[in-house]
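Structural description and commentary
Take a look at the letters that make up each chain.
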Amino acid sequence: MNLDVLAIAAHPDDIEQTCGGALIRMAEMGYRTGALDLTAGDMGTRGTPEQRVAESEEAARHMLLKWRGNMHMPDARLQNDIGARMSLAVKIRELKPRVVILPYWQARHPDHYRCGELGYEACFLAGLKKLDEYSEPHRPQKILYSSVYADVKPSFIVDISAQFEKRMNALFAYTSQFGAAEEGAGLFPNEQEIRDRLGAIARFYGNQIGVRYGEPFVVKEAIQVDDIVAMPVKSI
Ligand SMILES: [Zn+2]
């Protein structure tokens, strides 16, 4: 499989909240997009891993993904060890993404920052010819960090105004997490509250580039610009 973009995240529904709009927009432009969840959320208060995976497949349809998979690594205790790095590197060699989206490398949840670190190191390993005898080397061209929950200045913001509602529909495919279940009702906000929160965050980033809804990303390297006259986003 040759994917143009692969998003890698720790838990099912992370991608829907952080970079789902950009994935939908790329799919609408004709790119082949995919999502790889490292865990099935087996430590979650609500839902079973089987339910979460089934819901993630439903969400994948809303996001127009060509491929979605789950590594079934241990939730809430994700480790960046050699076993995890190797299995992820082999997956990256199979999927051959040109662009990989990872969670930003600092976060409250240990799984999130570990996924960022693990993803980066697996992308590096995936490019080594002698990694294994069975798969072809492949190194992604670009790594983007989804920074929506990090308090950092984005390197760039993707306009997802036309994709925001589709992204919300993808998120609400996780009925075990966002439905009106009794279990953990005090812990889990209701649908309107989630809509308001995610809407406010997307509006905040959209506002920075003069559009309605946006998704922020960080890259470690500089961004090349060829036409400084045609640069979007007003300065004053
Ligand atoms: Zn998560």
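Details of the structure are given in the entry above.
To keep things clear, this report deals only with the structure shown in the data block. All figures in this text were calculated on a predicted structure; none of them were measured in a lab.

**A word on the coordination of the zinc ion**
For the zinc ion, every protein donor is listed as H11 (ND1), D14 (OD), D14 (OD) and H112 (NE2), and the spread of their distances is 2.1 to 2.5 Å. Seen from the zinc ion, its four donor atoms lie at angles of 56 to 123 degrees, and the figure they make is irregular. Motif for the zinc ion, donor spacing along one chain: H-x2-D-x97-H. Of this pair, H11 sits in the loop between strand 1 (5-9) and helix 1 (14-18) while H112 sits in helix 5 (residues 110-126), placing them 101 residues apart in sequence.

**Some details on the sheet that holds strand 7 (residues 214-218)**
Think of a sheet as strands paired side by side through backbone hydrogen bonds, with each pair either parallel or antiparallel. Ordered by their spatial adjacency, seven strands build an open sheet running 3-2-1-4-5-7-6, and the pairing between neighbours is mixed. A strand with exactly one partner marks an edge of an open sheet, and here the two such strands are strand 3 (67-73) and strand 6 (156-159). Between one strand axis and the next, the sheet turns by 25 degrees as a mean value, whatever way the strands run. In the packing of helix 8 (residues 191-208) onto the sheet, contacts are made with strand 6 and strand 7, and the angle to strand 7 comes to roughly 75 degrees.

**Focus on the nonpolar core**
Within the largest apolar cluster, 31 residues are counted, with the highest numbers of intra-cluster contacts made by I15, L23, I101, M168, I194 and F217. If you list the elements that add at least two residues to this core, you get strand 1, helix 2 (20-28), helix 3 (49-62), helix 6 (164-171) and helix 8. Among the nonpolar cores identified, the runner-up in size contains 29 residues, and L36, L95, L131 and I143 belong to it.

**Some words on the pattern of salt bridges**
Counted by the stated rule, this structure contains 13 salt bridges. A salt bridge links K91 to E94, with the nearest nitrogen and oxygen atoms 3.3 Å apart. Pair noted here: K91 and E94 are both in helix 4 (residues 82-95), with a separation of three residues, about one helical turn. When the shortest N-O distance is used, the salt bridge between R167 and E215 registers 2.7 Å. Here R167 is found in helix 6, whereas its partner E215 is found in strand 7, with 48 residues between them in sequence. A relative accessible area of 3% places R167 in the buried class. Classification of E215 as buried rests on a relative accessible area of 0%. Each of E16, D37 and R68 takes part in a single network of salt bridges with overlapping partners.

**Here's the deal with the side chain of N80**
Following the sequence through the fold, N80 ends up in the loop between strand 3 and helix 4. In this structure N80 comes out as buried when scored by relative accessible area, which is 16%. Within the local environment of N80, its side chain forms a polar contact with the side chain of R85, the two groups lying 2.8 Å apart. A polar side-chain atom of N80 sits 3.2 Å from a polar atom in the side chain of E121. Discounting chain neighbours no more than four positions away, the residues touching N80 are R85, R114, E117, L118 and E121.

**Concerning the pairing of strand 4 (residues 99-103)**
Across the five residues that make up strand 4, a large majority, four, are buried. Pairing geometry for strand 1 and strand 4, over three bridges, is parallel. In the sheet register, A7 faces strand 4, and the bridge partner there is I101. Here strand 4 runs beside strand 5 (residues 142-146); their pairing, made up of five bridges, is parallel. Counted as the bridge partner of P103 is S146 from strand 5. Note on the crossover from strand 4 through helix 5 to strand 5: the handedness is right-handed.

Calculation rules
Residues numbered from 1 in each chain as written. Predicted model: local features only at pLDDT ≥ 70, side-chain atom pairs only at ≥ 80, totals over all residues. Heavy atoms only, no water. Donors = N, O, S within 2.8 Å, 3.2 Å for Na, K, Ca; no water. Tetrahedral: all angles 85-135°; square planar, octahedral: opposite > 155°, others 65-115°. Helix = DSSP H or I, 4+ residues; strand = E, 2+ residues; numbered from the N terminus. Pairing = 2+ DSSP bridges. Axes fitted to C-alpha atoms, helices over the stretch in contact; angles between N-to-C directions. Contact = heavy atoms within 4.5 Å. Core = buried A, V, L, I, M, F, W, Y, C linked by side-chain atoms within 4.5 Å. Buried < 20%, exposed > 50% of the residue type's maximum accessible area, 1.4 Å probe, protein only. Salt bridge = Lys/Arg side-chain N within 4 Å of Asp/Glu carboxyl O. Polar contact = N/O pair within 3.5 Å; in protein donor to acceptor, adjacent residues only side chain to side chain. Right-handed = clockwise from strand over helix to strand, strands pointing away.

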